[in-house]
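Structural features, examined
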Amino acid sequence: MGFIKIWFWGRSVSVRQPQKRQPGRKRPEGTGTGGRTVPIRSVRKKYWLRGEEYSVVLNPDAQRNTLRIDGRTFVVSLRPATRENFDRFMQEWYRRQARKAFQDAVDRWLPLFAAAGRPVPPPRIKIFAMRRAWGRCYYTKGLITLNLHLVKTPQACIDYIVLHELCHFVVSNHSKAFHRQVEALLPDWREADSLLKTFARERRIVG
């Protein structure tokens, strides 16, 4: 922070000059606007996991970040107890839950494809917080991408979306042949599709 002089009615006045932020200079870890931390003592927002709603109880005097599920409550221990740390920790925690849930669903479906004479190689899975799609299949790359928010929806919705993307390894488009493939393995896929749309809309799951 420096000073500049300006002349005002014949007298010089020193004015503090804002210091420019140097390019590439980052704020200290865990700080908010202006480099200040935002302490947190409670969380009113409700959270969802596999179709169930959870409240949050904070333990701000912890040695490290952890989350324990107690009934319908997320007991979250934080160190430091700041909003930035909480948001970052929950994002990472949801990503771990999604990775497990999606991989488990893939592992359940693959033997059924093989039994039906349509074997599908185990795909790579990437997870993104998407707004316009629940999943995408890149069959030429052996890859499916799945929406992080999907893990918040009921298990039937997770199973349906994972199956939908796996079926694209058999039929790449959304033709009648594709929907026959989906229906062969999940006859009530329409109910799952309707549940997903209703659940996500009513609970504002995405975003």
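Up top is the structure these notes are about.
In this report, the structure presented in the accompanying data block is examined. Fair warning: this is a prediction, and the values are worked out from it, not measured in the lab.

Notes on the nonpolar core
Grouped together as the largest cluster of nonpolar side chains are 56 residues, with contacts concentrated most on Phe74, Val76, Phe86, Met90, Tyr94 and Phe102. The dominant element in this core, judged by the number of residues it contributes, is helix α1 (residues 83-115), at 13 residues. The contact partners of phenylalanine 102, leaving out residues within four places of it in the chain, are Ile125, Ile127, Leu146, Asn147, Leu150, Val151, Ile158 and Val162.

Thoughts on helix α3 (residues 176-185)
Phe178, Gln181, Val182 and Leu185 are the residues of α3 that are buried. All buried residues of α3 lie within an arc of 95° about the axis, which places them on one face of the element. Opposite the buried face of α3, at more than 90 degrees from it, the exposed residues are Lys176, Arg180 and Ala184. Summarising the contacts, the buried residues of α3 are in contact with α1, α2 (155-167) and α4 (189-203).

With respect to the sheet that holds strand β6 (residues 73-77)
Pairing is mixed across the open sheet formed by four strands, whose spatial order is β3-β4-β6-β5. Looking at which strands have only one partner, the edges of the open sheet turn out to be β3 (47-49) and β5 (66-70). Direction aside, neighbouring strands of the sheet carry axes that sit 35° apart on average. Where strand β4 (residues 52-59) meets β6, five bridges bridge the pair, whose relative direction is parallel. The residue bridging leucine 58 from the neighbouring strand is valine 76, located in β6. The strands touched by α1 within the sheet are β3, β4, β5 and β6, with β3 carrying the most contacts at an inclination of about 15°.

Focus: the environment of histidine 164
Positionally, histidine 164 belongs in helix α2. Excluding its chain neighbours within four sequence positions, the residues that come into contact with histidine 164 are His174 and Phe178. Among the polar contacts listed, one links the side chain of histidine 164 to the side chain of histidine 174, at a separation of 3.1 Å.

Considerations on the packing of aromatic side chains
In this structure the tally under the stated criterion is seven aromatic pairs. Judged by centre distance (5.4 Å) and plane angle (70°), the ring pair of tryptophan 93 and tyrosine 94 falls under edge-to-face. Of the two residues, tryptophan 93 and tyrosine 94, neither departs from the other in class, the shared state being buried. Aromatic pair tyrosine 160 and tryptophan 189: ring centres 6.2 Å apart, planes at 15°, arrangement stacked. Residue tyrosine 160 is located in helix α2, and its partner tryptophan 189 is located in helix α4; the two are separated by 29 residues in the primary sequence. Put simply, the rings of Tyr47, Tyr54, Phe74, Phe86, Trp93 and Tyr94 touch in pairs and so form one group of aromatic residues. Directly above the ring of tyrosine 94 sits lysine 152, whose terminal nitrogen or CZ lies 5.1 Å from the centroid.

Description of the side chain of asparagine 85
If you trace the backbone, asparagine 85 turns up in helix α1. Classification of asparagine 85 by relative accessible area gives buried; the value is 5%. Within polar-contact distance, the side chain of asparagine 85 engages the backbone oxygen of proline 80 at 2.7 Å. Residue contacts for asparagine 85: discarding those within four places in its chain leaves Asn65, Leu78, Arg79 and Pro80.

Details of the sheet that holds strand β9 (residues 143-147)
Reading across from one edge, β7-β9-β8 is the order of the three strands in this open sheet, with mixed pairing throughout. At either margin of the open sheet sits one strand with a lone partner, and together these are β7 (124-128) and β8 (135-138). On average, each strand axis in the sheet is tilted by 20° relative to the strand beside it, whichever way the strands run. In this structure, β8 lies alongside β9, joined through four bridges in antiparallel fashion. Residue pairing in the sheet places glycine 135 in a bridge with leucine 146 of β9. Docked against the sheet, α1 engages β7 and β9, running at close to 145° with respect to β7.

What counts, and at which threshold
Residues numbered from 1 in each chain as written. Predicted model: local features only at pLDDT ≥ 70, side-chain atom pairs only at ≥ 80, totals over all residues. Heavy atoms only, no water. Core = buried A, V, L, I, M, F, W, Y, C linked by side-chain atoms within 4.5 Å. Buried < 20%, exposed > 50% of the residue type's maximum accessible area, 1.4 Å probe, protein only. Helix = DSSP H or I, 4+ residues; strand = E, 2+ residues; numbered from the N terminus. Contact = heavy atoms within 4.5 Å. Arc of directions from axis to C-beta. Pairing = 2+ DSSP bridges. Axes fitted to C-alpha atoms, helices over the stretch in contact; angles between N-to-C directions. Polar contact = N/O pair within 3.5 Å; in protein donor to acceptor, adjacent residues only side chain to side chain. Phe/Tyr/Trp six-rings, centres within 6.5 Å; stacked < 30°, edge-to-face > 60°. Lys NZ or Arg CZ within 6 Å of the ring centre and 35° of its normal.

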